[in-house]
Structures are given as C-alpha cells and as structure tokens.
Amino acid sequence: MKILVIGSGAREHALVWKIAQSSKVKKIFCAPGNGGISEIAECVDIKAAEIEKLLEFAQANQINLTVVGPELPLALGIVDLFQAQGLKIFGPSKSASALEASKVFAKNIMKKYKVPTADFAVFTNKEAALKYARNAKRPLVIKADGLCAGKGVFVCQNLAEQEKAIQSILEDNEFGNAGNTVMIEECLVGQEASMIFISDGDNVCAMASSQDHKRIFDDDKGPNTGGMGAYSPAPVVSDDLFEKIKTEVIIPTIQGMQQEGMAFCGVLYAGIMITEKGPKVLEFNARFGDPETQAILPRLKTDLVEIILSSLSGTLDAIKLDWDKRACVCIVAASGGYPGDYEKNKKISGLDKISQEKDLFVFHAGTIKQGNDFFTAGGRVLGVTGLGNDIRQAIETAYKGINQIGFENMFYRKDIGKKALAEISV
Ligand code: AMP
Ligand code: GLY
C-alpha cells in the first residue's frame, strides 16, 4: 500500500514510524512532515490545512490510505472531501469531528447521552457571561468554544481572572471565530488521564492509557503548552476504572453520535479528570494525542495499519490489540521562549549518539534536515522516548537519552513521570 500521513509533529513521526513497520506498506508520504520524518518517508510540501491540494496529491500518487494527524484538516472536512472521491481516509467526518472542534457541541452530546462531565453554561453575550461568573462558585473554568490549539482554556481563581478571560474571548476576539461563544464550567479536581479509543462508528477498541504534562514548568506550573511529556500506561487508571471509562464515556458517546446520524469513525480521545465522584470528561479530541501517541505506539505490538483498515471496514470487533507490558515515557525538548515566541535554526547535537540505542526513540516535532544535520524549526522540537521494564526504568532511559542531546537554549521538564511513580508507591 501507499500511505499518506498528514501533519508535521512528533505524533506524526511516531505514526509514520509505526506504519512503516507494517508488512502491508510499500511507501509512505508525509505532508508536510519534518526533518526526522524525512528519514523514513517522503515529505511533501503541502500544509495540513490545504485539503484540496492534499486531495490532488493523493489522486495523482494513487494513495491507498490517508491517515490524518492534527485536528484542523478534520474540522475543515478533509474526510468528507476524500471520501466523496472514493479515497480511503482515516478520521471522523467534518460533522463528527465537532466533538473536538466545538466544546459546546461536545457538551450537548454529553448532556443528551448522560456522559459524566463538568456542569456548564454557554454564553455569546459578555454581560450575561459576566453576571453568571460573578455569582458562580469559584474556581471556574472559562473556555472558548472552537479550536484554539490548546490555548482557549482559562482556569480562573478569582473574579478578576474570570473577567479577563471572558473579555479576551468574547470582546477582544483573541481566538477569532473560535471565541464567538464562551463556555463556563465547574472546576473539576483530580488526576488527569488521556484515554484514546479507535472506533469504526459502532465498535471501539482501546489504546493503552496515558498521561500528558500540559504545563511548561515542573510540578505543573506556568502556562499550558501543547504537552511537555507523556507516559503510558497511566497507573492511576486501574483496570476497573478503564472499563468504567469505556462503558460510561466512550460507548455512550459513540452510540450517541450514531443516533445523531454522525457516526464517529476514527480516533476518539477523551481527556478525563478522575474525580472523587468518578471519571468525568474534560474534553474530547477527534485524533491521536500529542505527546501521548509517542508514549503509546512504542508499546503497541499489533500492526497499526491493520487496526485502521478494520476501523474503515467496520470490523473493529474482530481485532484484539497486543501490548508490550513495559512502560514508555516521552520527554519533550523545547526551544528557548516556548510556549511564547521561540527561537529557531539552532543546530541539534547528539542525535547520532543515541540513534542506535535499544529502547530509545527520538520522535521529531519542529526540526528540519539540512545536509546531514538537523536544526530546530518549532517550539516543541523533539520527543525523546524510552521503554523500560517499569515506569522508573522508562524514565531513566528517556532522561539518559535527552541528556545526550542539545541545542542552544533547549529546555525540558525534569519531572516527567513523577506522578506515575507517586501513584505506584501508594
Ligand atoms: P481542555 O482543552 O478542555 O482539555 O482543557 C485544557 C486543560 O485545562 C485540561 O487538561 C485541564 O488541565 C484544564 N481543564 C479544562 N477543563 C477543566 C475543568 N472543568 N476543571 C478543571 N480543569 C480543567
Ligand atoms: N496532549 C493533548 C492533546 O493532544 O490535545
């Protein structure tokens, strides 16, 4: 098969790396890809949002299967576009991907199908939103409705923060049309876990549990980022809890979408808060998580292409996934300045030293390759990923790896996996 992967992050590097291991695959293209991906796939200079150009490319190159990494092309309707031309593509339709693209849509589905989530109210009018916020119990969470690359969520401790958040979303239009509507949510307390399932619209199959590290600094301090590291499995998700999330969150959502006439075929990622009252949904994503995927795929023994094809043919019920029992940890190396304006074009050293190491993988995000050298080209640059017999060993492997890599002003969190260690020591 000829496969096209869409996207340019470390998640896509991990997807390409895993897809390349399939005996079904002859050639992989990635649009637009990155420096690391260019070593195992042919990178095509088309951006993920240029869905018409991607269609032309897939048709001209007889692509047998397209796998979509990021949310934007899904929300723009790439799946509908490809399917209308008879092309195989993995991901939810435009209407189904609203589970991620509109927080209000997702909440209404959860409400209708009794999926546990935080209480919420929706506003388009600033005065009404302010009035509600003033009288509500604090802390409160204020969110822009649409896609904001993880930046449209404010956890507000006091009135001033609430007013600032509402002002920036509804009046200053900081998030463009994504901020025409604001959602005000009850603040949930607990540990977070990322639960990723693949659906064929009817059946689901579970990927391993994982946990992200969203904040920029150690001990979850500082602003939110795209994700500074991940580990899998997440010890906080016991077998019972896993089953509960599947039966109380995932299955009702998939069935609800089917009843709404928007069958969800693709990756359903539930960001879960494990509260005292049980698991509650923080958000849905309509795609693989980043950096969770980098910590999950090295543990997956089953052929990913086979799983995707089963999803597309509606036969996921016949598939059983085989997992490496070991733990996996991914640490993100970021550029100076990230998550604000960040530096670029710094030469990366040390990659050759660890390329042959067993159980250590480097998934590239913002890199470009020039000659034999790699240079930084994004805020998140690399995901250094280690496997170990247990989480402690996986942490050690990953940190040993990242310590051999360097570029000017590179930084990374020093506490990736710490919560997992605390959890297993309880
Ligand atoms: P979201 O993009 O909706 O997942 O929000 C990003 C992050 O904000 C989450 O991973 C949580 O850490 C935090 N968050 C979102 N909603 C809530 C909530 N209702 N209660 C507490 N924290 C939240
Ligand atoms: N790691 C969070 C996300 O992929 O949205």
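Check the entry above for the structure.
Asker: Any chance you could explain the side chain of Asp415 here in plain terms?
Answerer: With respect to the secondary-structure elements, Asp415 resides in the loop between helix H13 (391–402) and helix H14 (418–425). On the basis of relative accessibility, which here comes to 9%, the residue Asp415 falls in the buried class.

Asker: Looking at this model, I keep getting lost on the sheet that holds strand S6 (residues 120–123). Mind explaining?
Answerer: Sheet strands pair by backbone hydrogen bonding; their relative direction is either parallel or antiparallel. With respect to topology, 4 strands assemble into an open sheet ordered S6-S9-S7-S8, the strand pairing being antiparallel. Each edge of the sheet is formed by a strand with only one pairing partner; in this case those strands are S6 and strand S8 (153–156). Recorded for the sheet is a direction-independent mean angle of 20 degrees between the axes of neighbouring strands. When strand S7 (residues 140–144) meets strand S9 (residues 182–186), the two strands line up antiparallel, connected through 5 bridges. If you follow Ala144 over to S9, its bridge partner there is Val182.

Asker: Explanation requested: the sheet that holds strand S22 (residues 380–388) in the structure shown.
Answerer: Reading across the sheet, the 5 strands line up as S12-S15-S18-S22-S19 and stay open at both edges, with antiparallel pairing between neighbours. Whereas interior strands pair on both sides, the edge strands pair on one side only; in this sheet they are strand S12 (211–212) and strand S19 (360–364). Alignment of S19 against S22, held across 5 bridges, turns out to be antiparallel. Paired with Leu360 across the strands is Gly386, a residue of S22.

Asker: Is there a simple way to explain the side chain of Glu71 in this structure?
Answerer: Relative to the assigned elements, Glu71 resides in helix H3 (residues 71–75). Residue Glu71 is classed as buried on the basis of its relative accessible area of 19%. In terms of polar contacts, Glu71 uses its side chain to reach the side chain of Arg287, at 2.9 Å. Once residues lying within four places of it in the same chain are set aside, the contact partners of Glu71 are Glu100, Leu147 and Arg287.

Asker: What is the right way to look at the packing of H13 against H14 in this model?
Answerer: Helix packing geometry: the angle between the two helix axes and the distance between the axes. In contact at an axis separation of 10 Å, H13 and H14 are set at 160 degrees when each is read in the N-to-C sense. One finds that H13 runs roughly antiparallel with respect to H14. As for how H13 packs across H14, the hand of that crossing is left-handed. Listed contacts from H14 to Ile391, Arg392 and Ile395 of H13 are Ala420, Leu421 and Ile424.

Asker: Where do I start with the site of ligand 2 in this structure?
Answerer: Taken together, Asp212, Tyr269, Asn285, Arg287, Gly289, Asp290, Pro291 and Glu292 make up all the residues around ligand 2. Between Asn285 and ligand 2, the recorded distance is 3.2 Å, taken from a side-chain N or O atom to an oxygen atom. For ligand 2, an oxygen atom lies 2.8 Å from a polar atom in the side chain of Arg287. Compared with its free state, where it exposes 200 Å², ligand 2 has 90% of that area covered by protein. Grouping the amino acids of the shell around ligand 2 by side-chain chemistry returns 2 nonpolar, 2 polar and 4 charged.

Asker: Before we go on, may I ask you to explain helix H9 (residues 239–259) in this structure?
Answerer: Each turn of an α-helix holds 3.6 residues, which means side chains three or four residues apart point in the same direction. Taking 1.5 Å per residue as the helical rise, H9 with its 21 residues ought to reach 30 Å, and the 29 Å between its terminal C-alpha atoms agrees with that figure. Taken together, the buried positions of H9 are Leu241, Phe242, Ile245, Val249, Ile250, Pro252, Thr253, Ile254, Gly256 and Met257. On its buried face, H9 sits against helix H5 (98–101), helix H6 (103–112), strand S10 (191–200), strand S11 (204–206), strand S16 (265–275) and strand S17 (278–285).

Cut-off values and rules
- Residues numbered from 1 in each chain as written.
- Chains lettered and ligands numbered in written order.
- Predicted model: local features only at pLDDT ≥ 70, side-chain atom pairs only at ≥ 80, totals over all residues.
- Heavy atoms only, no water.
- Helix = DSSP H or I, 4+ residues; strand = E, 2+ residues; numbered from the N terminus.
- Buried < 20%, exposed > 50% of the residue type's maximum accessible area, 1.4 Å probe, protein only.
- Pairing = 2+ DSSP bridges.
- Axes fitted to C-alpha atoms, helices over the stretch in contact; angles between N-to-C directions.
- Polar contact = N/O pair within 3.5 Å; in protein donor to acceptor, adjacent residues only side chain to side chain.
- Contact = heavy atoms within 4.5 Å.
- Parallel < 35°, antiparallel > 145°, perpendicular 65-115°, else oblique.
- Left-handed = near helix turned anticlockwise from the far one by under 90°.
- Near = heavy atom within 4 Å.
- Areas by Shrake-Rupley, 256 points an atom, 1.4 Å probe, with all protein chains shown as cover.
- Nonpolar A, V, L, I, M, F, W, Y, C, P; charged D, E, K, R; others polar.
- Expected span 1.5 Å × (residues − 1).

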